[in-house]
Amino acid sequence: MLEFRTAGFNPYSVKYSPFFDSRLAVASGANFGLVGNGRLFILNLTANGIACEKFFETQDCLFDLAWSEAHENQLLTAGGDGSLKLFDIGVGEFPVAGWQEHQREVFSVHWNLVNKGTFLSSSWDGTVKIWSPEKKESLLTLPVHSCVYSAQFSPHHPDIVTCVSRDSHLRVFDLRSKPSAQNHLTLAIPIHAQPKVAPPGMNRMNGPTECLTHDWNKYRDSVLATAGVDGVIRTFDLRVPSGPVNAMPGHEYAVRKLSWSPHLSDVLLSASYDMTCRVWTDGSNVDKGGEGIGFGRELGRMDRHTEFAMGVDWCLFGAEGWCATCAWDERVLVWDVREHMRGP
Amino acid sequence: MSDALCGPSNALQQFKQQTSHDRTLQQDRLATRNAPSQGFRSADPRAGLLDPEFEAFQAGLPPSELPQYQQFQHQQPVFAAPSQQPAWASDFQRMQISPQPLAQHHNVQQMHAGPATADWAQGFREQMAHSAPRAQQSASSPQAFQQRARFGMPGFQSHFAQPGYAPEVQQSKGKEPAVEAFDEAAFERAFDQAREDLMEEADQVAKGVSTMDQFDVQMHSNHDMQDPGLPRQTAINEILQEPAMDMEQEVNQDVLHGETEQHQETQNNDDDALAATAQELLNKIEHNQTDKFKNSQFLGLMRKLRDREMKVEGDKMVETATAGSSSNTGQALNSISHSPMSRFNNSEQRPSPLGVPGVGTQQAMREGIPAHEQDLDTGRHIDGRDGQEVVDLLNERERVLYADELHTEDSDSEFMTTSPYYQR
């Protein structure tokens, strides 16, 4: 397990570069993001552990970041002051571009993985905005009318956008649809609805709670997972838009971040306010004894963080199972999930 | 409709469909008629004239029940229908199309007298004054808002919230006319009230439902222990409600809060807000006795904030100075300006850190901090010396000009200033 200390700053998000297997970026804020500056760390995995290659200072806390899919040295940050900034590792100490339209904290940014020319941001002002790095104004604003904690482009289609928000709904936007009163909104799935496969001991679901994170499955193009304040991870299949397919309780407190494995179609990694990071299977992998649809379960957990765990990301390269996590204990940990698996 | 959705279509065709319908009449009937100044459409004085009759017609009332109708009959007997005509036809004939005769009976005047919103807000206020007197207590400064907001959102507050449903009711969307700002307070109280109802409802549901979640059970028992449940609910609501505050209002407040005492008060309210939020969080994780949670720095910080050992100054967290360093003036000012409305009146425990009264508190704090540690973002704080350079420059120029003037008129300036003839 490798470790890096972000001294004086509490990380909110960690992401692997999609271009280099040894490069990481961490978005962080001073004073747990309550007040003070932010800092963007660019880290390198070296033979002697993790080294900080460069860092950028910002005036306000950084809540999220996304690597550019088009340029290996550029990355985007989501600021507490409502700004988006594009940094270039090779260029000075200031951002090469900035956008300021959101009225409130920006909670997530995501680069379009298919059409690499656009990215999106979601904010507490209740909007998701689609941007192009070349344009000063946003291309499109999708109103959600509820604090949007997380938004993503589909990794399978350039025009499908999903977001989860405080109002406990998973929204799907199809940007190809006609602009109308619906504002491209195609689906709004209630996250708190009764799951198709209720896990044992979980007879009834709680009421709606804020949903904090979601992620697209990298292999099954209609499957997503969400998690939030009630600590339950749920999977969704957009072909069954009435509610969740599966629910996986386990985290004691809210789940802050969630990520599907880029290598395995059924494996998830989560970071929670209970200070643990856990690995899950949603039970869909037939080879592993699942039945395509079944009970999800926890595969293992990593307990080393000593404050709220905030961010997780899988390494895209090399052996499956390497991941990076960050927490408010000012640490970024790079570890192998397989070392933390429990026996079946 | 069908050809709009399938088959070859072009943008122009769509556009034509949108525009070719004349919906003005429906819109006139349905749209709330505000003062004409608010819209770009010229107000039709006849708009709404027929509403009562239309309603009556819809409801199947005989036209004779309409008050206007009675008068109308007197005034325009010409229209009286021949008796052999079917009923609907006579109804139709009796309908009043021309504006003149009815204008005096109808409440056109009322509708246009003053901005309708004012009455409306007034009504709201009166109604809400009984039921929700607490909304105003919450911190009123933009800073407090931001901090609490921060606490609430990405942080922990709301994430630890129970499965209570808190819909985002209010959004600030861009610019709104200045008139609207007037309604904000009443508005927020109304929404606040609605939200509280919702929360209570959700709470009830959750109480019945949450068997699986130990955390929830614990939390509810906390509630119950704490008491009537109401004050606690209130606190939660206030925190949840904060995000709904309007951006522009904040800015306005920012400007207004330039005054010395208000500034102090803001500071106090900020601290209150922080302390309350910290308290909130700590209550929620109270039962967790694991080492991690006990030793957590973050939770330690929360405890300090709660106990007011730490507070936020500008962009920094600072330890509250112990009694030694605070002067009497600072104390006095602090307690005077402390709002009686705030929830925690423990100004004694919170001495002003450097005892510097006035706007300069933060500035002084800044100056007390070594230069290399200072945050460069001074723009956020109201600087008493703002613009002083310009003023100095102007004064300087004036002085020079004045001197020049003197020289051109008479080279002996000393004579001029001493001479009794010098008029100046």
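Conventions adopted
Residues numbered from 1 in each chain as written. Chains lettered and ligands numbered in written order. Predicted model: local features only at pLDDT ≥ 70, side-chain atom pairs only at ≥ 80, totals over all residues. Heavy atoms only, no water. Pairing = 2+ DSSP bridges. Helix = DSSP H or I, 4+ residues; strand = E, 2+ residues; numbered from the N terminus. Axes fitted to C-alpha atoms, helices over the stretch in contact; angles between N-to-C directions. Salt bridge = Lys/Arg side-chain N within 4 Å of Asp/Glu carboxyl O. Buried < 20%, exposed > 50% of the residue type's maximum accessible area, 1.4 Å probe, protein only. UniProt positions renumbered as here; feature names shortened; annotations may be inferred. Core = buried A, V, L, I, M, F, W, Y, C linked by side-chain atoms within 4.5 Å.

### A closer look at the sheet that holds strand β11 (residues 119-123) of chain A
Residues and elements named next belong to chain A.
Consideration 1: With antiparallel pairing, 4 strands are arranged side by side in an open sheet as β10-β11-β12-β13. Only two strands of the sheet have a single partner each, and these edge strands are β10 (106-111) and β13 (140-143). On average, each strand axis in the sheet is inclined to that of its neighbour by 20 degrees, with strand direction left out of account.
Consideration 2: Relative to strand β12 (residues 127-131), β11 is paired through 4 bridges, and the arrangement is antiparallel. Along β12, the bridge assignment pairs F119 with W131.

### Some words on the pattern of salt bridges
Residues and elements named next belong to chain A.
Consideration 1: The tally for this structure, following the rule as stated, stands at 22 salt bridges over all chains.
Consideration 2: Across the pair R331 and E3 runs a salt bridge whose closest N-O atoms are separated by 3.2 Å. Placement of R331 in strand β28 (residues 331-336) and of E3 in strand β1 (residues 2-5) is noted, with a sequence separation of 328 residues between them.
Consideration 3: Ionic pairing is found between K15 and D64, a salt bridge with its closest N-O pair at 3.5 Å. Note that K15 is positioned in strand β2 (residues 10-16) and D64 in strand β6 (residues 62-67), a separation of 49 residues in sequence. No difference in accessibility class separates K15 from D64, as the two residues are buried.

### A few points about the UniProt feature "repeat: WD" (unreviewed entry) in chain A
Consideration 1: The feature "repeat: WD" (unreviewed entry), as annotated in UniProt, sits at residues 99-141 and 248-280 of chain A in this numbering.
Consideration 2: In the segment residues 248-280 of chain A, helix accounts for 0% and strand for 52%; the C-alpha atoms at its two ends are 8 Å apart.

### With respect to helix α4 (residues 51-59) of chain B
Since the α-helix turns once every 3.6 residues, residues separated by three or four places project in the same direction.
Consideration 1: Within the sequence span of α4(B), burial applies to B:D51, B:E53 and B:A56.
Consideration 2: Note on α4(B): the residue one or two positions beyond its end, B:G60, has a positive phi of about 80 degrees.

### A closer look at the nonpolar core
Consideration 1: If you look at the biggest cluster of nonpolar residues, it comprises 48 residues, and the most contacted ones within it are A:F308 and B:M302.
Consideration 2: When residues of this core are traced back to their parent elements, those giving at least two are β2, β3 (23-29), β4 (38-46), β27 (322-327) and β28 of chain A together with α16 (260-284), α18 (297-306) and β1 (310-313) of chain B.
Consideration 3: With 5 residues, the single largest contributor to this core is α18(B).
Consideration 4: One finds A:L269, A:C277, A:L299 and A:W314 within the second-largest nonpolar core, a separate group that totals 15 residues.

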